[in-house]
Amino acid sequence: MLATAAALLVDAGTAQAAGERYVALGDSYSSGVGAGSYLSDSGSCKRSSRSYPALWSAANAPSSFSFVACSGATSTTVRNSQLGSLNSSTSLVSVSAGGNDIGFADIMGVCVLQSDQACINAVSEGTSKARNQLPGQLDQLYSNIKSRSPQARVMVLGYPRLYKLGSCIVGIGDTKRKALDEAADTLNGVISQRAAAAGFRFIDVRGAFSGHEICSGDAWIHSTRIPVDESYHPNSRGQQYGYLPSFDAIA
């Protein structure tokens with residue numbers, strides 16, 4: 001009897017996924033920069049077949065899948081260039097945005113190349129943007145998503161902490177690592193609040209990546225590497241074992 005009930009639940013879940021009309025929006029953490037296997041038609045957006053949206057679609061076979069997340073996207077560029085994929089029949093949306101709004105790449109450049117104090121100053125400037133500018137930008141984005149796809153379940157994905165502290169003797173020091181991890185916490189807090197205000201579901205991936213940060217010995221996030229744009233992004237394991245299960249558990 002229990003086995004029959006479980007089978008019915010699995011079948012129901014499969015049927016629901018098969019009927020989904022899924023649109024994947026967002027920045028490089030959703031496009032899959034760092035995971036490799038980039039789709040030939042994605043150009044500089046670097047959409048990967050190993051990204052969590054592509055992996056979820058391959059496993060669940062939704063009735064439609066529009067993958068428009070793009071490397072370098074801000075909340076404004078998502079709003080201006082990606083929302084055309086949404087419509088009234090869209091039933092599932094994933095989106096990550098906010099890191100580029102606060103200057104993630106520039107902050108990392110300062111922290112890798114300059115002094116502890118310069119890094120702390122750059123992080124402080126970024127977290128100030130997160131607290132003071134980002135909420136309004138996210139509110140606009142989420143409002144536009146809701147107006148285009150009012151019936152969709154919208155999943156807003158956050159960002160992992162980059163570093164495990166006290167574990168590395170190479171690369172940047174723990175003063176910088178701690179500042180960057182605290183910036184990730186601030187960013188996730190702002191995104192979570194604005195997602196809740198919009199009636200969307202926030203997916204916190206920090207727990208999934210715990211023990212798999214840079215310096216952990218089993219990192220699911222790249223440190224500095226070539227090509228440089230893949231630095232400080234999830235690798236294929238981060239997408240498969242960090243982001244995908246976090247998304248799948250809710251979607």
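First things first, this report covers the structure right here in the doc. (Residues numbered from 1 in each chain as written. Predicted model: local features only at pLDDT ≥ 70, side-chain atom pairs only at ≥ 80, totals over all residues. Heavy atoms only, no water.)

1. Describing the overall build of the chain
Right, so step 1: Along the backbone of the chain there are ten helices and five strands.
Right, so step 2: Computed over the C-alpha atoms, the radius of gyration of the chain is 18 Å, within 12% of the 18 Å expected from 2.2 N^0.38 for a compact globule of 251 residues.
Right, so step 3: For the chain, the spread of C-alpha atoms along the three principal axes comes to 60 × 40 × 35 Å.
Right, so step 4: For the chain, the proportion of its 251 residues judged to be buried stands at 49%.
Right, so step 5: The contacts of the chain with a sequence gap of at least 6 include a subset with a gap of at least 24, amounting to 72%.
Right, so step 6: The centroid of the 20 positive side-chain charges in the chain is displaced by 3 Å from the centroid of its 19 negative side-chain charges. (Helix = DSSP H or I, 4+ residues; strand = E, 2+ residues; numbered from the N terminus. Rg over C-alpha atoms; globule rule 2.2 N^0.38 Å. Buried < 20%, exposed > 50% of the residue type's maximum accessible area, 1.4 Å probe, protein only. Contact = heavy atoms within 4.5 Å. Lys, Arg positive; Asp, Glu negative; His and termini not counted. Charge placed at Lys NZ, Arg CZ, Asp CG, Glu CD.)

2. A few points about the environment of Asp41
Right, so step 1: Structurally, the position occupied by Asp41 is in the loop between α2 (28-31) and α3 (52-60).
Right, so step 2: Taking the C-alpha atoms as reference points, Asp41 and Glu182, separated by 141 residues in sequence, lie 36 Å from one another.

3. Focus on unusual backbone geometry
Right, so step 1: With an omega of 0°, the peptide bond running from Ile226 to Pro227 counts as cis.
Right, so step 2: For Ala61, which is not glycine, the phi dihedral falls at a positive 45°.
Right, so step 3: Mapped onto the elements of the fold, Ala61 is located in the loop between α3 and β2 (64-67).
Right, so step 4: A positive phi angle, near 85°, is found at Cys215, a position not held by glycine.

4. Examining the nonpolar core
Taken as a class, soluble globular proteins show a tendency for nonpolar side chains to be buried jointly.
Right, so step 1: Formed by 66 residues in total, the largest nonpolar core has its most connected members in Leu25, Tyr142, Ile145, Val156, Tyr163, Ile191 and Phe247.
Right, so step 2: Sorting elements by how many residues they give to this core places helix α8 (residues 174-198) first, with eight residues.
Right, so step 3: In contact with Phe247, other than residues within four places in its own chain, are Tyr22, Tyr52, Trp56, Leu92, Ser94, Met155, Leu157 and Ile203. (Core = buried A, V, L, I, M, F, W, Y, C linked by side-chain atoms within 4.5 Å.)

5. A look at the state of the cysteines
Right, so step 1: With the rule as written, the count across this model stands at three disulfides.
Right, so step 2: Each sulfur of the disulfide joining Cys45 and Cys70 lies 2.0 Å from the other. Between Cys45 and Cys70 the disulfide shows an S-S torsion of about -80°. By sign, it is left-handed. Separated by 25 residues along the polypeptide, Cys45 in the loop between α2 and α3 and Cys70 in the loop between β2 and α4 (75-81) bring together distant segments of the chain. In terms of burial, Cys45 and Cys70 fall into one category: buried. (Disulfide = S-S within 2.5 Å.)

6. Section: the pattern of salt bridges
Right, so step 1: All told, the structure shown has ten salt bridges when counted by the stated rule.
Right, so step 2: Across the pair Lys46 and Asp229 runs a salt bridge, and its minimum N-O distance is 3.1 Å. Within this pair, whereas Lys46 is found in the loop between α2 and α3, its partner Asp229 is found in the loop between α9 (206-209) and α10 (236-248), the two being separated by 183 residues in sequence.
Right, so step 3: Using a relative accessible area of 15% as the deciding quantity, one classes Lys46 as buried.
Right, so step 4: Across the pair Arg177 and Asp174 runs a salt bridge, and its minimum N-O distance is 2.9 Å. In this pair, Arg177 and Asp174 are both assigned in helix α8, three residues apart and thus about one turn of the helix distant.
Right, so step 5: A relative accessible area of 2% places Arg177 in the buried class.
Right, so step 6: For Asp174, a relative accessible area of 32% gives the class partly exposed.
Right, so step 7: Taken together, the salt bridges that share partners define one network made up of Arg161, Asp185, Asp204 and Arg206. (Salt bridge = Lys/Arg side-chain N within 4 Å of Asp/Glu carboxyl O.)

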